[in-house]
Amino acid sequence: MVNYDVVVIGGGPAGLAAAIEAKNNGVNNILVIERDRELGGILQQCIHNGFGLHIFNEELTGPEYAERFIEELYEMGIEYKLDTMVLEVSPNKTIYAMNTTEGILNIQAKAVILAMGCRERTRGAINIPGTRPAGIFTAGTAQRFVNMEGYMVGKKVVILGSGDIGLIMARRMTLEGAEVKAVVELMPYSGGLTRNIVQCLDDYNIPLLLSHTIIDIKGKSRVEEVTVVKVDENRNPIEGTEKIFDCDTLLLSVGLIPENELSENAGVEIHPLTGGPVVNESMETSIEGIFACGNVLHVHDLVDWVTEESRRAGKNAARYVKNQLASNGNIKKTYAGYGVRYIVPQQVRVANIEEKLHLMMRVNDVYNSAKMVIKLDDEVYKRIKKNHLAPAEMESISIPAKDLINRSFTTISVELEVEEA
Amino acid sequence: MEKQNIICIACPLGCKLEVEHKKNGIDDYIVTGNKCPRGKDYGIKEMTNPTRVLTSTVKIKNAHLCRIPVRTKGEIPKGLIFKCMKEINKVEISGPIKVGDIIIKNVLGTGIDIIATRSM
Ligand SMILES: Cc1cc2nc3c(=O)[nH]c(=O)nc-3n(C[C@H](O)[C@H](O)[C@H](O)COP(=O)(O)OP(=O)(O)OC[C@H]3O[C@@H](n4cnc5c(N)ncnc54)[C@H](O)[C@@H]3O)c2cc1C
Ligand code: SF4
């Protein structure tokens, strides 16, 4: 058994920022465990630009963003293991991991930071009927093949789902000479950022079919065609609107799921809407000393927010190790009211807030001109005017600690007040 | 007179702009639908000289992967994107490479270099 103060599981942007911040806060005995052959996580395959506008004030590509943190980790002398898979985390923070050179590793940590990221939903999870030929990939898998292995996945492509990865891949495949016939989206709005629709689809005249879905896939050994159909407001296919697209490749960009097998097996409570652990103001899960940040906690669209959140997790893991984090005490809850889908964190211990409490949330629909109303129990604390809110864009609110201390309340809620157009 | 509908992408709001081009002697552009001044600049630029950052990959030898990511070190005219892809696809380099190293100098005479976006 080896001992560490803080063990970080996952070496993506979340794990890197958390480890660096833990070290910055006085903990020296840190280990980062990554199952891949290199650090950086999903960013290494996201070669497009659009990362770092908030943190670095410039537009970087994924690998550039990752490299800045990897360099910092090296310079700080933080220990890490590559090609090492964590198999189990126990509630008392023993970690079982495995690699080919050391075999099974048995590691005891004082604090654990979960930063395993997320994985893509697959076709099985959304049940498209039809045959199961080759040529169906999740968009992220295709991205890895094209951008890192130099392997082109197809020539005539249809993309199901308009999340950012799907949009980015529509452009990428086009640039590499493929013909992208359409991006098909079930909802009446895109799941991706507007700038990606403009830069990835409009620029290349790729049609975005909103309120459409795929009802059939045909092909013997390789995909030959897919049938696309319009859906009504209840998302049911409308008969007579079928269109057949001749294609050899179908990319799925139908959502991401936080990767929480390890967390669940450890007994960490999972939130039904985020798919990630329930956490408090310090990014600590339902098990004391186990923290979570990044896509494993809730799916992020901007890596900058991942970095911010993960720094908080790293800092608080350090405070925990140094016995500076008040355990339990007076626990307040956050509540997602009208129009808000979820809020992270779900629990707040006011005594532990340093300066500001940060709340991150997503809305459940597109709203133009609305107010976000923050309430402490029934009392309105603040109204924030928003010109534009969309499910694809995470919102964050911070509340100064001084406004929460010495006030008696049990719930902090956020709801929308929607003005008539 | 020419009118074009453009979605502003200078911020997440995504205003729907209408840019009108009046050619009475001098060029004049009228932008409507923008909620802030940046939208006006963006609208005019999109009408006159739309530019983009291009990202792609280049073949690499002597590295742990066979592709290295690259980008234009600034925006290039939108119309040159596919030509620029052709230039990028001609290149084959050999490791080690540092992030920021120039892979193609002054691509297509634009004054913009193509640089590596990671070390390998
Ligand atoms: C395709 C795509 C495009 C994106 N585009 C943008 C963009 O344009 N701009 C932007 O700002 N953001 C973008 N994002 C979002 C941003 O990149 C992610 O939110 C961010 O990378 C998440 O970081 P993470 O560290 O939580 O997860 P990841 O980067 O996924 O890292 C998790 C790491 O944990 C490791 N791991 C998992 N399980 C184990 C285990 N059991 N043992 C050991 N290691 C393990 C994984 O191998 C991985 O390296 C994009 C995301 C994706 C997927
Ligand atoms: S016009 Fe201004 S407010 Fe509207 S999208 Fe462009 S930058 Fe944003």
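Cut-offs applied
- Note that residues are indexed from 1 along each chain, following the sequence as it is written.
- To read the labels, note that chains go from A and ligands from 1, taken in the order they are written.
- Local features in this predicted model are restricted to residues whose pLDDT is 70 or higher, and side-chain atom pairs enter the listing and the counts only when it is 80 or higher, whereas totals over whole chains, interfaces and linings include all residues.
- As a convention, hydrogens and water are excluded, and side-chain values are obtained from all of the structure's heavy atoms.
- Being near a molecule or strand, for a residue, comes down to having at least one heavy atom within 4 Å of it.
- Note on residue classes: Ala, Val, Leu, Ile, Met, Phe, Trp, Tyr, Cys and Pro are nonpolar, Asp, Glu, Lys and Arg are charged, and everything else, Gly too, is polar.
- Counting of polar contacts relies on pairs of N or O atoms within 3.5 Å, with two restrictions inside protein: one atom must be capable of donating a hydrogen and the other of accepting it, and residues adjacent in sequence are counted only when both atoms are side-chain atoms.
- Exposure was quantified through the Shrake-Rupley algorithm and a 1.4 Å probe, taking into account, for residues, occlusion by the shown protein chains and nothing else.
- Strands here are runs of E lasting at least two residues and helices are runs of H or I lasting at least four, both read from the DSSP assignment and numbered beginning at the N terminus.
- Counted as salt bridges are all cases of a side-chain nitrogen of Lys or Arg within 4 Å of a carboxyl oxygen of Asp or Glu.
- Here the term buried applies to any residue with accessible area under 20% of the maximum for its type, exposed to any over 50%, and partly exposed to those in between, with areas from a 1.4 Å probe on protein chains only.

Visitor: I'd love a proper account of the site of ligand 2, names of residues and values included.
Guide: All residues in the neighbourhood of ligand 2 are listed as Cys8, Ala10, Cys11, Leu13, Gly14, Cys15, Asn34, Lys35, Cys36, Arg38 and Gly39 of chain B. Per-class residue counts for the shell around ligand 2 are 6 nonpolar, 3 polar and 2 charged.

Visitor: I'd like a rundown of the site of ligand 1, residues and numbers included.
Guide: Residue and element names in this part refer to chain A. Near ligand 1 you find 31 residues, and of these Ala14, Glu34, His48, Asn295 and Val303 are the closest. Between Arg35 and ligand 1, the recorded distance is 3.1 Å, taken from a backbone N or O atom to a nitrogen atom. Measuring from an oxygen atom of ligand 1, one finds a backbone N or O atom of Val303 at 2.7 Å. Isolated, ligand 1 exposes 1000 Å² of accessible area, and the fraction of that covered by the protein chains is 94%. Taken together, the elements giving at least two residues each to the shell around ligand 1 come down to α1 (13–24), β3 (49–51), β6 (85–89) and α8 (303–321). Looking at the shell around ligand 1 residue by residue, the class counts come to 16 nonpolar, 12 polar and 3 charged.

Visitor: Any details on the pattern of salt bridges? Residues and values, ideally.
Guide: Pairing is possible between side chains of opposite charge, provided their charged atoms come close. Taken as a whole and assessed by the stated rule, the structure comprises 33 salt bridges over all chains. In this structure, the salt-bridge partner of Arg362 of chain A is Asp301 of chain A, at a minimum N-O distance of 2.8 Å. Here the residue Arg362 of chain A occupies a position in strand β23 (residues 356–363), and Asp301 of chain A occupies one in the loop between β19 (290–292) and α8, the gap between them amounting to 61 residues. Note on Arg362 of chain A: relative accessible area 9%, which makes it buried. As a salt-bridge pair, Glu46 of chain B and Arg52 of chain B come within 3.0 Å of each other at their nearest N and O atoms. As far as the burial class goes, Glu46 of chain B and Arg52 of chain B line up, both buried. Look at the salt bridges and you will find they share partners, linking Asp203 of chain A together with Glu46, Arg52 and Lys78 of chain B into a network.

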